[in-house]
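# A closer look at the structure
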Amino acid sequence: MSSTSSRRSLEPPQSKKELEILLEGLEPHPHPEVLLEQYSLPAVNAAEILWNAQLRYGDIAGRVVLDLGCGTGILAIGAALLGASRVIGVDVDCSALKVAMRNALRKRVCSVDWICGDARSLPLRERVDTVVQNPPFGVKKRGADTVFLEAALSIGEVVYSIHKAGESNRRFLEQFIERIGGRITDVYPIRIRLPPTYPFHHKRAHFVDAEVYRIIRRRKGETA
């Protein structure tokens, strides 16, 4: 396990579009692994998720934010730009974290700790206010998304998590989240435009329909 930090001295963005512009041009993962379902979340989607989290619920600015499975760091960096008091980025792929560190330095972000670790055994002991995550959808490894949900709710008060769209998947997630002690407060759709990432990607762009879940941890004695 390794950890390092970056610092920032910029004013928070004043609009979602400004945040999107700040997040554009980040360095992608040079060698993404298909089994880990690694891809770079576009700036437009990252900005929308983080801006909505802050504007509607106040879940970013002044909060301790964990980006679980942070990859090359776009959600972690965006949270720092929006004024999170501390940001932690965790990923099992240490090569992705090296890219995240370079991206953070390029954007002059502050209060970001990058930690190489596994979601199944989080190298953290403290609780965090907000977890943001873009987990594997479980296409290549069944149940990969549920591992992230369990880990996120074990340590965070509020969780923003991106999942594959579809009625059957939503029903499954609703039941699973209730079972592990969470309560969904909001679900909204996003469309993710992905550039060719793997050798078998032949189109210039591939569109993925997904949904963002806002989940809170139920208090003891609270019913779903």
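Located above this text is the structure these notes cover.
What comes next concerns the included structure. Everything numeric here is computed off the predicted structure, so don't read it as measured data.

## Regarding the overall build of the protein
Of regular secondary structure, the protein possesses six helices and eight strands. The order of α-helices and β-strands along the protein, N terminus first, is β-α-α-β-α-β-α-β-β-α-β-α-β-β. The 224 residues of the protein split such that 51% are buried. Partitioning the contacts of the protein with sequence separation of at least 6, the portion at a separation of at least 24 is 74%.

## Some thoughts on the nonpolar core
Judged by nonpolar contacts, the single largest core of 44 residues is most densely connected at W114 and I162. Listing elements by their share of this core, those giving two or more residues are α1 (16-23), α2 (43-57), α3 (74-81), α4 (94-107), β4 (112-116), β6 (156-164), β7 (182-194) and β8 (206-217). The residues contacting I162, other than those within four sequence positions of it, are L41, I49, Q133, N134, P135, F137, I190, I192, A210, E211 and V212.

## Notes on the environment of P13
Relative to the helices and strands, P13 is located in the loop between β1 (3-6) and α1. As a C-alpha pair, P13 and G83 span 70 residues in sequence and 9.2 Å in three-dimensional space. With sequence-adjacent residues up to four places away left out, P13 is seen in contact with E18, L19, L22, W51, L81 and L82.

## Things to note about empty space enclosed by the protein
The final tally for this structure, using the stated rule, is one cavity of 30 Å³ or more. Roughly 30 Å³ of volume is contained in the largest cavity. Around the largest cavity, the lining residues are N52, A53, R56, Y57, Y160, D186, Y188 and R214. At the level of secondary structure, the elements contributing two or more residues to the lining of the largest cavity comprise α2 and β7. Among the elements that make up the lining of the largest cavity, the one with the highest residue count is α2 (four residues). Residue classes in the lining of the largest cavity are distributed as four nonpolar, one polar and three charged.

## Considering helix α6 (residues 167-179)
Over its 13 residues, α6 extends 18 Å from the first C-alpha to the last, a length consistent with the 18 Å expected when each residue adds 1.5 Å. Taken residue by residue, α6 has N169, L173, F176 and I177 as its buried positions. One face of α6 carries all of its buried residues, which in axial projection span an arc of 95°. The exposed set on the far side of α6, more than 90 degrees from its buried face, consists of E167, S168, Q175 and R179. The inward-facing, buried residues of α6 contact α5 (144-155), β6, β7 and β8. Directly after α6, the chain includes G181, whose backbone phi takes a positive value near 95°.

## Considering the pairing of β4
Most of β4 sits out of view: five of its five residues are buried. Neither face of β4 is left uncovered, since the one carrying V112, W114 and C116 and the one carrying D113 and I115 both have all their residues buried. The pairing of strand β3 (residues 86-91) with β4 spans five bridges and is parallel. Counterpart to V87 in the pairing with β4 is V112.

Definitions and cut-offs
- Residues numbered from 1 in each chain as written.
- Predicted model: local features only at pLDDT ≥ 70, side-chain atom pairs only at ≥ 80, totals over all residues.
- Heavy atoms only, no water.
- Helix = DSSP H or I, 4+ residues; strand = E, 2+ residues; numbered from the N terminus.
- Buried < 20%, exposed > 50% of the residue type's maximum accessible area, 1.4 Å probe, protein only.
- Contact = heavy atoms within 4.5 Å.
- Core = buried A, V, L, I, M, F, W, Y, C linked by side-chain atoms within 4.5 Å.
- 1 Å grid on protein atoms, 1.4 Å probe; cavity = no way out; pocket = protein on both sides within 12 Å on 5 of 7 lines; lining within 4 Å.
- Points joined across faces, edges and corners; volume = space filled by probe spheres on them.
- Nonpolar A, V, L, I, M, F, W, Y, C, P; charged D, E, K, R; others polar.
- Expected span 1.5 Å × (residues − 1).
- Arc of directions from axis to C-beta.
- Pairing = 2+ DSSP bridges.

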